[in-house]
Amino acid sequence: MKQNVGTEAVAGHPRLAGIDAARGLALVGMIVVNVGPVGSQSLLQRLYLLPYGRASVLFVVVAGIGMGYLLNRRPERERWSTVTWRAALLFGGGVALQELTDQVNVILPTYAVLFLLAPLLWRLPTRALLGVGVVLALAGPAVIVAHETIWPSLQPVDPVTIGTPPWEAAYSLLLTGRYPLLSWTVPFVAGLCVVRLDLTDTTVLRRLAAGGAAVAAVAVAIAQLAYLLIGPDADRGPWRLLTGAAHGQMPLWLASSIGGAVAVVAACVLALRRFERSRALGWLVACGRLSLTLYVLHFVVLALIKPPQGFSLGQGVLISSALVVTVIVAAVLWARTGRPAPIEQLLRRSWLLPPAPRVHTPRHIAPTPERARQQ
């Protein structure tokens with residue numbers, strides 16, 4: 001049977017290589033952002049920081065797509081055990097990573113909670129799921145702004161570490177952290193909605209690419225107009241709801257970053273289908289399939305070398321370039337082994353389970369007529 005273009009068979013279901021390429025692109029962007037600096041005073045800095053506020057959202061949208069594929073090919077009774085194992089591993093590993101440094105915020109604990117929510121969200125009809133995303137995109141930022149307005153003296157608990165009390169950790173993950181669930185559930189839900197579409201249909205992909213880009217452009221334009229009309233007060237109080245600053249958790253930022261992420265995913269899938277015989281994008285696919293392991297490795301490197309005051313722009317460009325080249329080479333070389341990366345393998349709960357017992361019938365026992373018919 002001929003495989004679909006740009007796909008590989010995984011457990012009887014097609015996995016689009018373009019999704020891996022989008023995940024790899026998100027990883028590259030997150031490396032650039034985590035190296036920094038994040039100031040954007042000059043044109044060069046703005047170009048350097050194009051992934052800021054976008055790469056992590058792309059990462060979460062692709063996570064929603066990947067989770068949708070996983071849930072779709074798992075029977076109901078296996079979903080919770082698989083998801084719980086992955087969530088526990090990501091949460092524990094993320095909190096442990098955060099102990100290494102506070103210069104970079106770890107997104108993995110938020111991932112863990114989103115994974116636990118996934119089976120519940122996946123049960124919803126598509127329209128209801130889309131409605132949840134829209135409501136959260138509006139209500140989540142409103143709650144965040146209201147919280148900051150009513151209790152401005154409360155200090156955010158961020159990041160979550162091993163010593164953080166449970167209620168403070170929940171407070172940070174839900175509301176005050178770098179990746180609060182009230183807003184970051186939205187891109188995850190968007191990914192769950194996208195995966196329900198036929199991503200092998202060229203027309204669907206082109207509409208996603210065009211529609212996502214249009215939504216991103218309109219949201220950015222509205223946010224810029226709001227800044228011009230409101231002035232210096234735009235980043236304070238309820239006016240924040242009309243702004244679109246990166247990582248501001250506001251609706252226009254969510255719309256622009258999610259729209260851009262959906263467009264990137266569609267473009268990557270289209271590119272992998274069009275250039276199926278070319279290896280030009282193979283490095284992105286390799287990075288995407290090792291993204292979790294490479295994410296952890298780059299975080300450990302930054303924990304060792306990033307100074308408290310951060311890097312200058314020149315240092316950031318050099319270090320991020322070196323890290324990106326390193327992870328690409330590592331991903332391409334590892335891909336040649338044909339094996340999953342260490343942490344990706346750890347996520348596969350099957351290695352914990354004992355092999356199924358083999359049923360052996362002694363040769364000297366003749367099969368009964370019933371057994372013969374069953375065989």
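Each value, and the rule that gives it
Residues numbered from 1 in each chain as written. Predicted model: local features only at pLDDT ≥ 70, side-chain atom pairs only at ≥ 80, totals over all residues. Heavy atoms only, no water. pLDDT = per-residue confidence, 0-100. Helix = DSSP H or I, 4+ residues; strand = E, 2+ residues; numbered from the N terminus. Contact = heavy atoms within 4.5 Å. Salt bridge = Lys/Arg side-chain N within 4 Å of Asp/Glu carboxyl O. Phe/Tyr/Trp six-rings, centres within 6.5 Å; stacked < 30°, edge-to-face > 60°. Buried < 20%, exposed > 50% of the residue type's maximum accessible area, 1.4 Å probe, protein only. Axes fitted to C-alpha atoms, helices over the stretch in contact; angles between N-to-C directions. Parallel < 35°, antiparallel > 145°, perpendicular 65-115°, else oblique. Left-handed = near helix turned anticlockwise from the far one by under 90°. Nonpolar A, V, L, I, M, F, W, Y, C, P; charged D, E, K, R; others polar. Core = buried A, V, L, I, M, F, W, Y, C linked by side-chain atoms within 4.5 Å. Polar contact = N/O pair within 3.5 Å; in protein donor to acceptor, adjacent residues only side chain to side chain.

A few words on the confidence of the model for the protein chain. Averaged over all residues, the pLDDT of the protein chain is 84; the fraction at 70 or higher stands at 85%. When pLDDT is averaged over each element of the protein chain, helix α8 (residues 181-194) comes out on top at 96 and strand β1 (residues 7-10) at the bottom at 34. Note that residues 1-15 has pLDDT below 50 and, in this model, 29 contacts with residues that lie over four places away or in other chains. Contacts from residues 354-375, a stretch scored under 50 in pLDDT, to residues over four places away or in other chains number 2 contacts.

This structure, assessed with the given rule, holds 3 salt bridges. Here D20 ties to R23 by a salt bridge, and the two come within 2.7 Å at their closest N and O atoms. Note that D20 and R23 are positioned in helix α1 (residues 17-35) at a spacing of 3 residues, about one turn of the helix. The salt bridge involving R289 is made with D20; its shortest N-O contact spans 2.8 Å. Taken together, the positions of R289 in helix α11 (residues 282-289) and D20 in helix α1 put the pair 269 residues apart, joining distant regions of the chain. One network of salt bridges, with partners in common, ties together D20, R23 and R289.

Below, the discussion takes up the packing of aromatic side chains. Applying the stated rule across the entire model yields 6 aromatic pairs. Relative to Y111, the ring of F59 has its centre 5.8 Å away and its plane inclined at 35 degrees; by these criteria the two rings are tilted. On the criterion of sequence distance, the pair formed by F59 in helix α3 (residues 55-72) and Y111 in helix α5 (residues 108-122) is long-range, its members being 52 residues apart. Both residues of the pair, F59 and Y111, belong to the buried class. Taken together, a centroid distance of 6.3 Å and an interplanar angle of 25 degrees make the contact between F59 and Y295 stacked.

The subject of this paragraph is the packing of helix α9 (residues 202-230) against helix α10 (residues 251-274). Between α9 and α10, the least distance of the axes is 7 Å, while the angle of their chain directions is 150 degrees. Judged on the interaxial angle alone, α10 and α9 are roughly antiparallel. Here α9 and α10 pass one another in a crossing that is left-handed. A per-class count over the contact of α9 with α10 returns 17 nonpolar, 5 polar and 2 charged.

A word on the nonpolar core. I107 and F188 are the most contacted members of the largest nonpolar core, which has 92 residues in total. Not counting residues up to four positions away in its chain, the partners in contact with I107 are M30, S56, V60, Y179, W184 and Y295.

Two elements in contact, α1 and α3, have axes whose closest approach is 8 Å; the angle formed by their N-to-C orientations is 150 degrees. In terms of axis orientation, α1 runs roughly antiparallel to α3. Judged by the sense of rotation from one axis to the other, the crossing of α1 with α3 is left-handed. Residue-level contacts link I19, A22, R23, A26, L27, G29 and M30 of α1 to A55, S56, L58, F59, V62 and I65 of α3. A breakdown of the residues in the contact of α1 with α3 according to their chemical character gives 10 nonpolar, 2 polar and 1 charged.

For the rest of this paragraph, the subject is the environment of P159. Here P159 lies in the loop between α6 (126-150) and α7 (166-176). For P159 and V106, which are 53 residues apart along the polypeptide, the C-alpha to C-alpha distance reads 7.8 Å. In contact with P159, not counting residues within four places along its chain, are Q98, N105 and T164.

In this structure, the amide linkage connecting G36 to the following residue, P37, adopts the cis form with an omega of 0 degrees. In this structure, P37 sits in the loop between α1 and α2 (43-48). Here the phi dihedral of H247 falls at roughly 60 degrees; this positive angle occurs in a residue that is not glycine. Relative to the helices and strands, H247 resides in the loop between α9 and α10. For Q249, which is not glycine, the phi torsion reads 70 degrees and is therefore positive. The topology assignment puts Q249 in the loop between α9 and α10.

Turning next to α11. All buried positions along α11 are accounted for by L284, V285, A286, C287 and G288. Turning to α11, the residues buried within the fold contact α1, α10, α12 (291-305) and α13 (313-335).

Moving on, we come to the environment of L284. Among the secondary structure elements, L284 is positioned in helix α11. Since its relative accessible area comes to 7%, L284 is described here as buried. Here the alpha-carbon distance between L284 and A21, two residues 263 residues apart in the chain, equals 4.7 Å.

So, about the environment of E344. With respect to the helices, strands and loops of the structure, E344 is situated in helix α14 (residues 342-347). In the structure, E344 is positioned 52 residues away from L292 in sequence and 6.7 Å away in space, judged by C-alpha atoms. Beyond its immediate sequence surroundings of up to four residues, E344 is in contact with R289, L290, S291, L292 and T293. A distance of 2.8 Å separates a polar atom in the side chain of E344 from the backbone nitrogen of L292.

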